[in-house]
Structure formats: C-alpha cells, structure tokens
Amino acid sequence: MSRQLSEEQRLMRDSCRGFVDDVVIPFIRDNWQREWDMSPGQRLPPAILEAADKIGVRTLGVPEEFGGVELDRESEVRTFALIAEEIARGDCGLADKLVQNWKISILLRNLAPRHLQEHWFKRLVAEPQLLFAHCLTEPRGASDRWLPYNVPEAAMQTRAEKRGNEWVINGRKHFISNGFDAGLYIVYANTNQKAGVLQGTSSFIVPRDAPGLSVARCNETMGGRFMNNGEIVFEDCRVPADHLLAENNAMQKASIYFHPGKIIQASKNLGVGVAALERTADYVQNYVQGGRVLIKHQAVALRLADMATRIEAVRALLGRAADAVTDGEPNADALCNMAKVFASEEILKVCQHAMELHGGNGAMLEMGIEKLFRDAAIFLHSDATADISRFKIVKSLFPHTAGKYAGPEA
Ligand SMILES: Cc1cc2nc3c(=O)[nH]c(=O)nc-3n(C[C@H](O)[C@H](O)[C@H](O)COP(=O)(O)OP(=O)(O)OC[C@H]3O[C@@H](n4cnc5c(N)ncnc54)[C@H](O)[C@@H]3O)c2cc1C
C-alpha cells in the first residue's frame, strides 16, 4: 500500500505516526489505569484531542471552505483508512472518537442544508472537544435494520412526527459511540408506520441542547474505553423543520456514510492488530526463556508468522474494498462487509496470539496486551454483527433468493 501513497497521504501518515508514537502511546503506557476511571469525562485529557487537532486529523471530511481538511476525493476513502489505522495503533477508543466526526461530516456535507453545514462545521473546527454521534441502534433493533427486513414490523421504534414548523421525536437510542459526550446527534426515526424501514425512516440533525433530549447513561464497555458510549432518550424532543436530513429514504441516503464507515471500521481493527504484532515482535526478540530469546523457539516463530499473514490478508482485502468504494463498483457493498467481518475475526486471532506469546504477562493490565485483545473483541459486533454482515454479503451476491424476506410476502 505504501507504494501507492500520494505525497499528501504520505505526509499525513507520517505526522499521524509521530502523534501516535510521541503522544498517544506514551499516554496510554503511563496512564493505563485511566481507562478504568468511572468518571467518563475524566478518562481522556483534553490535551489529546487538542494534539489531534494540531495535526489536522480531527476535521477530516469537513469542506475546506469551512476551515476543514478536505481530502482529494479520488483517494479520500484510502486516506481515511490510512489515518484510522494509524490512530487505532495508538488507541482504538481515540480512533472511535475521531472517526465519528469524519463520517458524520460526510453525511452533513452531502445532505444538510448549507446554513446548518456552516453552523456545525464552523463549530467543529473551532472546538477541539466537540464530538458527533450517529444514532441508529435501539433496544429492539440494530444492524439487522441494514439487511433489511423491509417490513413495518422491523421498522425503527423511535418515531418522528411533523408538528407545525418542528419535528417531534420520541424514543431511545442505545450503544451509541460518543453518545455520552457528543454535541450533535444524527438520529434515525420512523416517519411512516405503514412502510418498511427503507421507505419509512428519516434522519435528523439533533443538537445536544434540543429540548426533550437527555443522555441517560454512559455504557461501560470492555474495550475502546477512551470513547464514551452512551444511551440517549428523546421525550417530545423538538427540532426545527430544516433539521431533517433525509425524509423516508434515510437508510438509502446513509450509504454515503456506511461505505467509508465500514472501511474505517476495518482499518481501526487493523491498527489494533498492527499494535499487537509490533509489540509481540519486540517482546519475543528480547524476552529470554529456555536460554534463548523467545523467537528462537520455533513454535513462537510460527505464531508470529501467522500474525503477520493475517494482518497482510486483512490489509489486502481492505485495499480492494476501499478501491471498490472509490470507483463506485456495484460490488462495493459486499466488499465493505467482507472487509469488516474478515478483519474482526482475523485480528481477534492476532491478538490471541499476542496474549499467548506474552504468557502470564499477557494477562497483566499494566502490560497493555490484554487491552488489545479487549479492543479487538469489540469489533466483532461493531457496525453489524458477524452474522448480519455475512447475511448482507450473501444477499448482495444472490438478491433474488437469499435476499428475500423469509417471512410472509407482503
Ligand atoms: C462499543 C459500541 C459502539 C457502538 N456504536 C454505535 C453507534 O455509534 N451507532 C449505533 O447506531 N450503534 C452503535 N452500536 C451498536 C451496534 O451497532 C450493535 O450493538 C450491533 O449492531 C448489534 O446489535 P444489537 O446489540 O442490538 O444485537 P442484536 O441485534 O440483539 O443481536 C443479538 C444476536 O442476534 C443476531 N441477530 C439479530 N437480528 C438478527 C436477524 N434479523 N437475523 C439473524 N440474526 C440476528 C445478531 O447477529 C447477534 O448475534 C455500538 C455498540 C457498541 C458495543
């Protein structure tokens, strides 16, 4: 991949690598206990997002006219992949925090009215701690909505209704990345109870201070803990009529968010695997057991080869999927799901090798290897569970058979 990098990508990767090596990794190493601070707002010091801002990776996707870092559109998806991997190599929770801003910036620049783009992009550029969140999952439905079973009974439970010049939203979203501390929420809600999810879902821009919005809790996750996952409740939550992003066809419109989103997801996952390989390679070449450094023992060497192979396989599929998105290939959707699900299972295995090769040290919090294993486990379900991702793949391949709803025909 390195050979194909443009000058812009090379420079961004290098400054990002410097940020991760000089700021993020030392912070995580010196402050491993902070992950477990039960005051979510205290876990990540503001200085980290400020440092990310200085190297320009906080506002990727924001149009240049609003002060953002606009990437060359031809290679934007690859650049997102590159930067997401680098940051996740340092900490995947930090990467989670940042990539939500990139992905939602893409949605806003494509769907939001100009005055709202101006408002939110200017705020994002000016406020290093400002985070965005994308609210789809509800207690009664998540990634299965993307299959989708396009029938009313599988529709969003959160509902929105137009009353005069406002939209009134009622419902609950849970498991939302940045949900605890975001300043802006993109919310999906049912606006036609007779239609399936594809024809009856709308999306809205909902500022945190919208009347009727409350943040119910921060979820304490097993991995990616520097991103604060949250639960949001809407009780007669009101937003002005122009805060509607897409009416009734929000799920289709969101594919501009979801294709790069899956690439970014797999890239963050790859970054966790690269961190596991780097640290394990270092460990086995320095730690002595049985009179020799570990790597001299062939069983250890073989596991390292397996880790490296899985990482390269993930990288290759990821590159293929990123190119398919850029070129608008008809199989881009299937490839994105393949990259996401393949990465999640391969990188978990890479991290298992890392833990085992570290022996007892692999289980010790202060060593940080178990953190990589926990972080990797989070990716199994993120942006769709493994099973739902595979359903989506086979549905794209065989739309007339596997793609049909198994229940009664409408
Ligand atoms: C750290 C973290 C970050 C997240 N960030 C976000 C976010 O930013 N925005 C957001 O909207 N969501 C987010 N989520 C939610 C995430 O997308 C969902 O957890 C995931 O899609 C799985 O949905 P679920 O938890 O409701 O599981 P369920 O849907 O309850 O699934 C349970 C099991 O049933 C299977 N299953 C479910 N439905 C079907 C079906 N129709 N057919 C066959 N099998 C099925 C699943 O594969 C799974 O094995 C996040 C979750 C976490 C933990």
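Now for a description of the structure that goes with this document. (Residues numbered from 1 in each chain as written. Predicted model: local features only at pLDDT ≥ 70, side-chain atom pairs only at ≥ 80, totals over all residues. Heavy atoms only, no water.)

**Overview of the site of the ligand**
Lining the immediate environment of the ligand, one finds 18 residues, of which His134, Thr137, Phe175, Ser177 and Thr385 sit closest. Here leucine 136 contributes a backbone N or O atom positioned 2.9 Å from an oxygen atom of the ligand. Burial of the ligand by the protein chains amounts to 68% of its free accessible area of 960 Å². Put simply, the ligand lies in the largest pocket. For the shell around the ligand, the per-class residue count stands at 8 nonpolar, 8 polar and 2 charged. (Near = heavy atom within 4 Å. Polar contact = N/O pair within 3.5 Å; in protein donor to acceptor, adjacent residues only side chain to side chain. Areas by Shrake-Rupley, 256 points an atom, 1.4 Å probe, with all protein chains shown as cover. 1 Å grid on protein atoms, 1.4 Å probe; cavity = no way out; pocket = protein on both sides within 12 Å on 5 of 7 lines; lining within 4 Å. Sits in = over half its atoms within 2 Å of the grid points. Nonpolar A, V, L, I, M, F, W, Y, C, P; charged D, E, K, R; others polar.)

**Notes on the packing of aromatic side chains**
All chains considered together, the criterion is met by 6 aromatic pairs. When the centroid spacing of 5.9 Å and the interplanar angle of 65° are considered together, the rings of phenylalanine 27 and phenylalanine 226 count as edge-to-face. Remark: phenylalanine 226 occurs in the loop between β6 (213–219) and β7 (229–240) and phenylalanine 27 occurs in helix α1 (residues 7–30); sequence separation between them is 199 residues. (Phe/Tyr/Trp six-rings, centres within 6.5 Å; stacked < 30°, edge-to-face > 60°. Helix = DSSP H or I, 4+ residues; strand = E, 2+ residues; numbered from the N terminus.)

**Overview of the pattern of salt bridges**
In the structure shown here, the tally under the stated rule is 31 salt bridges. The salt bridge partner of arginine 238 is glutamate 166, with a shortest N-O separation of 3.3 Å. Within this pair, whereas arginine 238 is found in strand β7, its partner glutamate 166 is found in strand β3 (residues 166–176), the two being separated by 72 residues in sequence. Given the relative accessible area of 37%, arginine 238 is considered partly exposed. Here aspartate 306 makes a salt bridge to arginine 310, at a shortest N to O gap of 2.7 Å. Linking aspartate 306 with arginine 310, this pair stays in helix α9 (residues 298–326), spanning 4 residues, or about one helical turn. Residue aspartate 306 is classed as partly exposed on the basis of its relative accessible area of 26%. One salt-bridge network, held together by shared partners, links Arg17, Asp21, Glu86, Arg89 and Glu278. (Salt bridge = Lys/Arg side-chain N within 4 Å of Asp/Glu carboxyl O. Buried < 20%, exposed > 50% of the residue type's maximum accessible area, 1.4 Å probe, protein only.)

**Looking at the pairing of strand β2 (residues 159–163)**
In the sheet, β2 pairs with β3 via 5 bridges, with the strands oriented antiparallel. Each residue of the ladder has a partner; that of lysine 162, found in β3, is tryptophan 167. (Pairing = 2+ DSSP bridges.)

**Details of the packing of helix α3 (residues 76–90) against helix α4 (residues 92–111)**
Here α3 crosses α4 at 160°, and the two axes come no closer than 8 Å. On the basis of the axis angle, α3 is roughly antiparallel to α4. Here Glu76, Phe80, Ile83, Ala84, Ile87 and Ala88 of α3 lie close against α4, whose contacting residues are Cys92, Leu94, Ala95, Leu98, Val99, Trp102, Ile106 and Arg109. Taken together, the residues that form the contact of α3 with α4 break down as 12 nonpolar, no polar and 2 charged. (Axes fitted to C-alpha atoms, helices over the stretch in contact; angles between N-to-C directions. Parallel < 35°, antiparallel > 145°, perpendicular 65-115°, else oblique. Contact = heavy atoms within 4.5 Å.)

**Thoughts on a nonpolar patch on the surface**
Where nonpolar side chains cluster on the molecular surface, the patch consists of Tyr149, Phe391, Val394, Leu397 and Phe398 and spans about 460 Å² of accessible area. Turning to its location among the elements, valine 394 is positioned in helix α12 (residues 386–397). (Patch = residues over 30% accessible without salt bridge, like charges linked within 9 Å, V, L, I, M, F, W, Y side chains within 5 Å.)

**With respect to a negative patch on the surface**
The grouping of Glu8, Asp72, Glu74 and Asp327 at the surface amounts to a negative patch. With respect to the helices and strands, the residue aspartate 72 is situated in the loop between α2 (46–54) and α3. A residue is classified by how much of its surface remains accessible, and aspartate 72, at 39% relative accessible area, is partly exposed. (Lys, Arg positive; Asp, Glu negative; His and termini not counted. Charge placed at Lys NZ, Arg CZ, Asp CG, Glu CD.)

**Observations concerning the environment of histidine 174**
Structurally, histidine 174 can be placed in strand β3. Each C-alpha atom, one on histidine 174 and one on asparagine 229, is 8.5 Å from the other, the two residues being 55 residues apart in sequence. Not counting residues up to four positions away in its chain, the partners in contact with histidine 174 are Thr137, Glu138, Pro139, Gly230 and Glu231. For histidine 174, the side chain forms a polar contact with the main-chain oxygen of glutamate 138, separated by 3.3 Å.

**Some details on helix α11 (residues 369–378)**
Burial of α11 is extensive: 9 of the 10 residues sit out of reach of the surface. Along α11, the residues classified as buried are Ile369, Glu370, Lys371, Leu372, Arg374, Asp375, Ala376, Ala377 and Ile378. Against the buried residues of α11 lie α1, α4, α8 (255–284) and α10 (332–357).

**A short note on the side chain of serine 344**
Mapped onto the elements of the fold, serine 344 is located in helix α10. The contacts of serine 344, once residues within four sequence positions are left out, are Asn269, Phe379 and Leu380.

**Things to note about α9**
End to end, α9 covers 42 Å across 29 residues, agreeing with the expected 42 Å (1.5 Å per residue, within 8%). All of the buried residues along α9 are Val300, Leu304, Met307, Arg310, Ile311, Val314, Leu318, Gly319, Ala321, Ala322, Ala324 and Val325. Tucked into the core, α9 has its buried residues touching α3, α8 and α10. Within two residues after α9, glycine 328 carries a phi angle of roughly 60°, on the positive side. (Expected span 1.5 Å × (residues − 1).)

**As for unusual backbone geometry**
Phi angles above zero are rare outside glycine, and asparagine 248 is one such case at about 70°. Mapping asparagine 248 onto the fold places it in the loop between β8 (244–246) and α7 (250–253). Positive phi values are uncommon outside glycine, yet alanine 384 reaches one of about 105°. Structurally, alanine 384 can be placed in the loop between α11 and α12.

**Some details on the nonpolar core**
Judged by nonpolar contacts, the single largest core of 69 residues is most densely connected at Ile87, Leu94, Trp102, Ile263 and Ile347. Those elements that place two or more of their residues in this core are α1, α2, α3, α4, α8, α9, α10 and α11. For isoleucine 263, the contacting residues outside a window of four places in its chain are Val77, Ala81, Leu318, Ala321, Ala322, Val325 and Cys336. (Core = buried A, V, L, I, M, F, W, Y, C linked by side-chain atoms within 4.5 Å.)

Limitation: the analysis is restricted to geometry and does not speak to function.
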